[in-house]
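# Descriptive structure summary
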Amino acid sequence: MVPSLSSLLLGLIILFLGVASFLLYFLFVAPLYNPLRDVPGPPSPKLFGTHLGYVLDAELSAKNHDMLVSRYGKNIRIRGLGPWDDRLLTLDPLAIAHVMNYPTIYQKPWQSRRLITRLIGCGMLAAEGVVHKRQRKVSNPAFSPQNLRGFIPLFFSKAEELRDKWLSLMSNPSDGVKVDICHWISRATFDVNGIAGFDYQFHAIQDESNEVYLAYKDMFEIAISQGQNLKSIIGIYLPIIWKLFPDESTRIVDKSWKTILKVGRHLVQTKKATIADKNNTDRDLLTLLLKSNISTEIPAEQRISDDDILFQISTFLFAGSDTTSLALTWILLLLSRPGHQHLQNRLRSELNTLDSSLPPDELFPLIDALPFLDNVIKEGLRVIPPVHSSLRVATKDDIIPSSTPIRKPDGSKVNVIRVAKGTMVHVPVEGFALDKSVWGEDAWDFKPDRWDDLPEAVKTLPGLYSNLLAFSAGPRSCIGMRFSIMEMKIMLFVLMRGFDFVDPEKVFKANVVLTRPYVVGRFKEGSQCPVVVKPHSAL
Ligand code: HEM
């Protein structure tokens, strides 16, 4: 029977009223019952306005966090994408520790996990729950102190190769050469992670033509540009559109994965054959993951597949290359800025007290024990952490403890925050490390010596590394922390002894997945950090 025009109209009116009532409830009624309304925060912008730009802009975030804390305290309600998305931004140590230590309640939002999974598979960065637990358990032995010691010669050889490469670029050594330290160090960290990750030579310091290197680079470029156009945002919610309307990014991801799987699967088979030999001493993470996966300590049902192991290796490359190269870039930039040359000279003098002709295994413990080098690295990671902030979502209603009182709208004060299931929590890694009320009035300045005399309040802050959140905190904190600290110390040892770093171009920080440098006025050219490197006379 064909429906009459009037019943069709009635149906449409009912549908319209249904959608309109849902939207009215979603936009105007439900927010009134959100318990986060008890937490003070800046006035809500217009209907679809947001505070996200305000807290995520790396150039302004220190100032903006400071303003928010002075006005509203350490727990602040901010507006996410719309009225239905009020979020908690917290700089309170107790609240942060709670969120980071209960990963079963506070998970990574499915939107960011989907983005990561589309690119590098569901490795440790994206997985949650038992899958994550299993992956972490299989991977832990690969990051044991004993295994990491095996990488020391590799860290030295790549640092020296980079030093020699820079020297070869100089037509007149006394003038030095201007290099984009960000790009070059990233080539070196990629090389390190290729060999440490799966015994594979990208040779990226020498040239950038290796097919697997290019496959990863292309894919990571997409990761950086994701979220910047409408289609990628729609793709998060409706992934089917990647299949129905493939575009350049889909084509690149597919092509990259074809290359990575072709080479990766071959490497896995070769490695499997070599680990059958009891005398095998290979230390790359792929070998160690394969060994750990078949060890009797891992119950059969907890083992992961070969392709999952490749996702893990890709995750280490994704999570470990740019983070380490950016941390080093920012440290070198900070040391090369006018007014900081005395710190650079002091660091070089300390490094020069060591005998560089010692074998790497004997030299590294001496480097590791150098106090000023240690302070410089901590201070660099504090002032410009590569990971600007983290996001978590409450998977059930919860009560978060706070060490600072929260003033409710009725004027009463409480020491807990009630959050409803689905509430997003922003953990401002950078903001937390630059909080003047904890670190002192000079919190925004680069002062490595502060680490010899820290304010008492700092000593109780949560964080995997030196009371900082640079490597996060809790069970989801960085598994590669020690790996990258060792790599950074050795890179700085070799490069600082080899060169003076001077005349940096004026760069600003932008939060593009990670905190990256861009030359002022030349954002479109992409992330770069040009600095003049001149051979140091002691070389
Ligand atoms: C300076 C260098 C590095 C920094 C600043 C850094 C920072 C971080 C941070 C903040 C997280 C937590 C992310 C989140 O909560 O969303 C993390 C997780 C992770 N990092 Fe790093 N990282 C560095 C180097 C590395 C290296 C060298 C590797 C591997 C070789 C690595 C592997 C990972 C992995 C696998 C995770 C996920 C851990 C999990 O969820 O269980 N990272 N890292």
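With an unreviewed UniProt entry as reference, the protein chain is termed Cytochrome-450 hydroxylase, source organism Sistotremastrum niveocremeum HHB9708. Recorded in UniProt for the protein chain, the comment headed Pathway (unreviewed entry) runs: "Secondary metabolite biosynthesis." Check the Cofactor (unreviewed entry) section of the UniProt entry for the protein chain; it says "heme".

### Observations regarding the overall build of the protein chain
From N to C terminus, the protein chain includes 21 helices and twelve strands. In terms of overall dimensions, the protein chain is globule-like: its C-alpha atoms have a radius of gyration of 25 Å, near the 24 Å expected for 539 residues. Overall, the C-alpha framework of the protein chain stretches about 90 × 55 × 50 Å when taken along its three principal axes. By residue count, 52% of the 539 residues in the protein chain fall in the buried class. The long-range share in the protein chain, meaning contacts at least 24 apart out of those at least 6 apart in sequence, stands at 71%. Summing over all exposed atoms, the protein chain offers an accessible surface of approximately 24,500 Å²; the carbon and sulfur share of this is 60%.

### Here's the deal with the UniProt feature "binding site: heme" (unreviewed entry) in the protein chain
UniProt annotation of "binding site: heme" (unreviewed entry) refers to Cys478 when read in the numbering used here. Considering the arrangement of structural elements, one finds Cys478 in the loop between α20 (436-439) and α21 (481-498). Dropping the residues within four chain positions of it, Cys478 is found in contact with Arg136, Leu464 and Phe471.

### A closer look at the sheet that holds strand β12 (residues 530-535)
Within the open sheet, the three strands sit side by side as β4-β12-β9. Their pairing is antiparallel. Taken across any chain shown, the strands that pair with only one partner, and hence form the sheet edges, are β4 (177-180) and β9 (499-502). With strand direction ignored, the average angle separating the axes of adjacent strands in the sheet is 40°. With four bridges connecting them, β4 and β12 associate as antiparallel partners. Bridged to Asp180 within β12 is Pro530. Of the strands in this sheet, β4, β9 and β12 touch helix α9 (residues 181-198), which is tilted by about 65° from β4.

Conventions we followed
Residues numbered from 1 in each chain as written. Predicted model: local features only at pLDDT ≥ 70, side-chain atom pairs only at ≥ 80, totals over all residues. Heavy atoms only, no water. UniProt positions renumbered as here; feature names shortened; annotations may be inferred. Helix = DSSP H or I, 4+ residues; strand = E, 2+ residues; numbered from the N terminus. Rg over C-alpha atoms; globule rule 2.2 N^0.38 Å. Buried < 20%, exposed > 50% of the residue type's maximum accessible area, 1.4 Å probe, protein only. Contact = heavy atoms within 4.5 Å. Areas by Shrake-Rupley, 256 points an atom, 1.4 Å probe, with all protein chains shown as cover. Pairing = 2+ DSSP bridges. Axes fitted to C-alpha atoms, helices over the stretch in contact; angles between N-to-C directions.

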